Amino acid sequence: MNPIRPHPRNLFQILALCLLIASLAVAQTSTATIKGRVLDPDGDPVGGAEINAVNLSSGNVHQAVSRRDGTYLLAGLRPATYELIVASPAYEPTSQTVQLLIGQSINADFRLSPSVVLTESITVVGQQVVEMDSTQISTNITPAQIEQLPQNNRNFMNFAALAPGVTISDDETRKTFQSGAQSANAVNVFVDGVSFKNDVIQGGVVGQDASRGNPFPQNAVQEFRVLTQNYSAEFQKAGTAVITAVTKSGSNALTGEVFAFYQDNDLVDENPLTGSNPFFERLQTGLSLGGPISRDQAHFFLSYEGNDQERAEIVSLGSGAGNAPASLIQQLQGYTGEFSSDFELGLFFGKLSFQPTPSQIFELSGFMRDETDVRGFGNQNSFEMAEEIPNDVWNVAVRHNYTSQVFFNEASLSMQEYRWNPRPLNDALVGLNYQNILRIGGRDTEQDIWQERLSLRDDLTFSPMEWQGTHVFKVGGVFDFNEYNITKHFTGNPLFQFRAAENYERPFEARFGIGDPTIKGDNNAIGLYLQDEWSLTDQFMLNLGVRWDYESDMFPTDWVTPTDVVQKFSSFVDPDRYFTDGNDRQAIDDMFAPRLGFTYDVLANNRTVVFGGWGRYYDRILFNHSLDERFRLQYTVGTFLFSEDGAPLPDGRPTAAWDPRYLSAAGMRELVALGITGRPEVFLIENDTDAPYTDQWTVGVRQAIGDLVATLSYGSQQSQNGMTFGWGHRNADGTCCRWAEVNELGYAALIASQDSLRTWYEAIYLQLDKPFTSDSRWGGGLSYTGVINAEGIGGDLFSFDFPTVEEYPRRPINNIHDHRLVANVLFGLPLNFNAGTVVTYGSGYRYNIIDQSQGTGPLERNLRGEGEGDGYLTLDLRLEYAFDLGPMELSLLGEAFNITNDEVYNNFNNRIFTLPNVNPDFGRPTSIVQGSQRRFQYGVRLRF
């Protein structure tokens, strides 16, 4: 009998879990840190000094005692306003009030004297501590900015536009952000340390793919930080930018807020391309309540935000109506007109906080997103084609912080579920598409996509240690149990295509899907990191880190290529490269990501700091991008070609003789059974596919000038190993394609992956920050991004134009400005008025120029450099007037967006031809950024 041996993967998981339970370090995902030394008047260390940080809102106390070498650490501080109290025998205790922002790591040395404590090497503007010695390019979005800056749709991620190098999506139904030259898929968002990464479909953040909704209630977000480049090793699954946010907590005072904002089409200027505005109405509402359960110890916070929208979509006949039979046009006219598209969103958040002793804090929080959207029709798509899109997210998290004289530990357990389920409203009606005229009938596809994640995380920071300087070590890890469940009824409702060549009398083509539409997957992910902030001298610091990540099934490791595929396509592709017997693929276990940063305090006064760094940042392959190898063989979407007599097309593709009985799902199943046409596609994934990663370089200087902090930096990002698919059945000379051979083998196409997508991005960043203070009554910031280079090779998920990705020319990345400047200012005005404004300048969106003078097929189209749309300057303004009602405050608010009415165009006709086929519309915009017309909004808010 053979002995039973645990699978190596199981042993690895058990070992990793043990490491997680035993691991120690504080992550800066949702907290702040103060560290430094306590010295006597002669500069010698003072041991045993007591440092207390008292949260002035909640009354929570954080304590530290200086070691024999004078060092101390206050880790895991919730972003808030604190009273810092330093006391030691024989010295007079004293205090200082400071506001700490999320993610800050502050060096604060205290020099004691018989009557006063002096704070050294710390820059404070008003009460806000300014972090001077950070090695990363980051931007803090403060509570004041979230509360007072104009915001059209209450998506807190939109404020990320205040950070350099970050772009907010201009797609109304994909409200995401991106950075550098990569898509939104390469970002990550952490809320209270919990990752909201979307492992399955696009958008980077769960809930943001194909949605009008927001990821989190803005009235529950206290503040957040945008990490543009060179962030430390505690952040995972991100190749470009990261947002880390902290939610609000209850305080010792019972406080609350109720608000409502209203906007309709009468408050919006006309679309300059169409000269009209369809009906639109939106009501955004919200409330929050927080307070004490037990003063200084236990608190609660609750919030809700709602977004109800109704808009009209216009359905009209297309340009082909003039060439169609009059009887058909008369029939289709009944499908035109205005139809209502409704959207409803509810966001709920709650938190309980408890500090039983000064050394421990417990938190329990829950979040739920309930969203429904009815859309998918308009223009040349009839209302029959509408779909309902439920989009739901929920998350529950438990956190425990423990502080000792040796370390600070933060442990968390979270459960998260995401479901996106677009489904037809009229799935009993087959789809009929009269090309260039109108599409009627029900939508053809339903999808049901689930992502579930159980996450264990532990992070710990040791107290400062002395060896060749001062070290602050952080160690941590995360263990995720992920489950993915995708059901795709692709064209489960058949879609028939009609065209002028047949006088729209019979379809020439249909698409229909049949088979098992469900794919499931399990993926265990482990991440471990070590970080060392090493202060070699009072002026020079190194930030050394390394991260290692492991994923058991980023793409299917145990897949066995079907024998039929192996036998028929061995001559098309390299068998060792693409075929597997279940043992040719390994888990992704080589994601080692070193990080190196430095800061140098030039004048030793914490006001002029040079910084820089390099790091490697791994992301992941989306589950949706890797499943087609299995899915396309168990669920087939066939393209069925019809003719009068059933003769093959000139290129060899077979057809079926048209019969009206095929015009139904049952009829299409009958046609499938005949096996004439509608054959499956074969997808193949390279066995040695690697995880995508980005290398980042940063160098810059940070200067404090009075109340102003200026940062000038250079950033570079190069990404590699992006996965894409290309034709696997090209001819030997690279031309496309061996269609007849593939069809004779019983398949429609052979599509093979490559992990060769690359991007290059270089930019100059300028940041100015002036914190809001009660004395000056104003504050703000400015960020400028000057793009030096933003290019890539290959396509996106599919790269069909060239035989390999490497043969693609380097192309400009679209939707990036060469120059972008965003300024924001907050004003505290007399007579209870407050104002906030955002000014944005963009040099115009880039777009590729495509030369089709030699034809439109593969290897015939050529890139001819890049074009650029018109630049724009927009001004947004928010004005608030507050009525003092004793224990309550009633505010009236007005907001204006794009006061200059300088339209932002984002799509351009980019194709050029040679005579006689000149394109007269070349370079003209085809759409505007959604919502960029001048618009107004008004609201009311009650606070107590």
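Since this is a predicted model, take the numbers as computed values, not measurements.

Moving on: the overall build of the chain. Tallying secondary structure elements over the chain gives nine helices and 55 strands in all. Relative to the 2.2 N^0.38 estimate, which gives 30 Å for 944 residues, the radius of gyration of the chain is 30 Å and therefore close to what a compact globule would have. Overall size of the chain, expressed as C-alpha extent along the three principal axes, is 105 × 80 × 55 Å. Within the chain, the fraction of its 944 residues that count as buried is 58%. Surface exposure of the chain reaches about 36900 Å², of which carbon and sulfur atoms provide 54%. Charged side chains in the chain number 68 positive and 114 negative. The centres of these two groups are separated by 1 Å.

What follows concerns a negative patch on the surface. Taken together, the side chains of Glu281, Asp308, Glu310, Asp342, Glu344 and Asp370 present a region of like negative charge at the surface. Of all the secondary-structure elements, those providing two or more residues to the negative patch are strand S21 (298-315) and strand S22 (337-357). Topologically, Glu344 is positioned in strand S22.

Right, let's talk about the pairing of strand S3 (residues 61-65) for a bit. What you see with S3 is a clean split: His62 and Ala64 sit on the buried side and Val61, Gln63 and Val65 on the side with no burial. Taken together, the five bridges between strand S2 (residues 50-55) and S3 define a ladder with antiparallel strand orientation. If you follow Val54 over to S3, its bridge partner there is Val61.

The sheet built from six strands is open, its strands ordered S28-S27-S32-S33-S38-S39 with mixed pairing. Every interior strand has two partners, whereas the edge strands, strand S28 (438-440) and strand S39 (656-657), have only one. The strands that helix H8 (residues 665-674) touches are strand S32 (495-498), strand S33 (509-515), strand S38 (635-643) and S39; relative to S33, the one it contacts most, it runs at about 80 degrees.

By the element assignment, Asp266 lies in the loop between strand S19 (255-264) and strand S20 (280-294). Separated by 60 residues in the primary sequence, Asp266 and Val206 have C-alpha atoms spaced 33 Å apart.

With that out of the way, let us pick up helix H3 (residues 326-333). Those residues of H3 that sit buried are Leu328, Ile329 and Leu332. Burial along H3 is one-sided: seen end-on, the buried residues are contained in an arc of 95 degrees. Facing away from the buried surface of H3 by more than 90 degrees, the exposed residues are Ala326, Ser327 and Gln330. On its buried face, H3 sits against strand S27 (431-434) and S28.

For the rest of this paragraph, the subject is a nonpolar patch on the surface. Residues Ile293, Phe348, Leu352, Leu364, Met368, Trp394, Val396, Val398, Leu413 and Met415 make up a contiguous nonpolar surface patch of about 850 Å² in total accessible area. Those elements that provide at least two residues to the nonpolar patch are S22, strand S23 (360-375), strand S24 (387-403) and strand S25 (407-420). Considering every element that reaches the nonpolar patch, the biggest residue donor is S24, with three residues. Here Ile293 lies in strand S20. Here Ile293 falls in the exposed class, since its relative accessible area comes to 56%.

Here the focus is the pairing of strand S12 (residues 137-141). Of all five residues in S12, five are buried; the element is thus mostly enclosed. Alternating residues of S12 divide into Ile137, Thr139 and Ile141 and Ser138 and Asn140, and every residue in both groups is buried. Relative to strand S17 (residues 221-229), S12 runs antiparallel, the two sharing five bridges. Of the residues in S17, the one forming a bridge with Ile141 is Phe224.

For the rest of this paragraph, the subject is the packing of aromatic side chains. Between two aromatic rings, the relevant description is the distance of the centres plus the angle of the planes. Taken as a whole, this structure holds 41 aromatic pairs when the rule is applied. Each residue in the set Phe683, Phe725, Trp727, Trp739, Phe798 and Phe800 is aromatic and connected to the rest through ring pairs, giving one cluster. Directly above the ring of Phe611 sits Arg702, whose terminal nitrogen or CZ lies 4.2 Å from the centroid. One cation-aromatic arrangement involves Arg738 over Phe572; the distance from NZ or CZ to the ring centre is 3.9 Å.

Moving on: the confidence of the model for the chain. Residues with a pLDDT of 70 or more make up 94% of the chain, whose mean pLDDT is 89. Per-residue pLDDT stays below 50 along residues 1-27; that stretch engages in 59 contacts with residues further than four places along the chain or on separate chains.

Strand order in the open sheet made by the five strands is S12-S17-S18-S15-S16, with mixed pairing throughout. Only two strands of the sheet have a single neighbouring strand rather than two, namely S12 and strand S16 (194-195). Judged from the four bridges that link them, strand S15 (residues 188-191) and strand S18 (residues 242-247) form a sheet pairing that is parallel. Across the sheet, Val191 pairs through a bridge with Ala245, a residue of S18.

Moving on: H8. By the burial criterion, the buried members of H8 are Gly667, Met668 and Leu671. Buried residues of H8, seen end-on, are gathered within an arc of 100 degrees and therefore sit on one face of the element. Residues Ala666 and Ala673 are exposed on H8 and point more than 90 degrees away from its buried face. The inward-facing, buried residues of H8 abut S32, S33, S38 and S39.

Our focus in this paragraph is the pattern of salt bridges. Summed over all chains, the structure comprises 45 salt bridges. A salt bridge links Glu410 to Arg399; the shortest N-O distance between them is 2.1 Å. With a gap of 11 residues between them, Glu410 in strand S25 and Arg399 in strand S24 connect regions that are remote in the sequence. For Glu410, a relative accessible area of 5% corresponds to the buried category. What makes Arg399 buried here is its relative accessible area of 9%. Counted as one network, the salt bridges with shared partners bring together Glu147, Lys248, Glu257, Glu880, Arg941 and Arg943.

Here we come to the environment of Leu797. Position of Leu797 relative to the elements: it lies in the loop between strand S44 (778-793) and strand S45 (811-812). Overall, Leu797 belongs to the partly exposed group, its relative accessible area being 21%. A sequence separation of 44 residues divides Leu797 from Ser753, and the C-alpha atoms of the two residues are 9.3 Å apart. Setting aside chain neighbours within four positions, we find Leu797 in contact with His625, Met723, Thr724 and Phe725.

In terms of backbone geometry, most residues other than glycine have negative phi values and most peptide bonds are trans. Note that the residue after Cys736, namely Cys737, is joined by a cis bond; omega there is 0 degrees. Note that Cys737 resides in the loop between strand S42 (708-727) and helix H9 (739-744). The backbone of Asp192 sits at a positive phi, close to 55 degrees, despite the residue not being glycine. Mapped onto the elements, Asp192 comes out in the loop between S15 and S16. Taking the relative accessible area as the measure of exposure, Asp192 reaches 7% and is therefore buried. The backbone of Gln468 shows a phi angle near 55 degrees, a positive value even though the residue is not glycine. Mapped onto the secondary structure, Gln468 falls in the loop between strand S30 (465-466) and strand S31 (470-489).

Cut-offs used in this document
- Residues numbered from 1 in each chain as written.
- Predicted model: local features only at pLDDT ≥ 70, side-chain atom pairs only at ≥ 80, totals over all residues.
- Heavy atoms only, no water.
- Helix = DSSP H or I, 4+ residues; strand = E, 2+ residues; numbered from the N terminus.
- Rg over C-alpha atoms; globule rule 2.2 N^0.38 Å.
- Buried < 20%, exposed > 50% of the residue type's maximum accessible area, 1.4 Å probe, protein only.
- Areas by Shrake-Rupley, 256 points an atom, 1.4 Å probe, with all protein chains shown as cover.
- Lys, Arg positive; Asp, Glu negative; His and termini not counted.
- Charge placed at Lys NZ, Arg CZ, Asp CG, Glu CD.
- Patch = residues over 30% accessible without salt bridge, like charges linked within 9 Å, V, L, I, M, F, W, Y side chains within 5 Å.
- Salt bridge = Lys/Arg side-chain N within 4 Å of Asp/Glu carboxyl O.
- Pairing = 2+ DSSP bridges.
- Contact = heavy atoms within 4.5 Å.
- Axes fitted to C-alpha atoms, helices over the stretch in contact; angles between N-to-C directions.
- Arc of directions from axis to C-beta.
- Phe/Tyr/Trp six-rings, centres within 6.5 Å; stacked < 30°, edge-to-face > 60°.
- Lys NZ or Arg CZ within 6 Å of the ring centre and 35° of its normal.
- pLDDT = per-residue confidence, 0-100.

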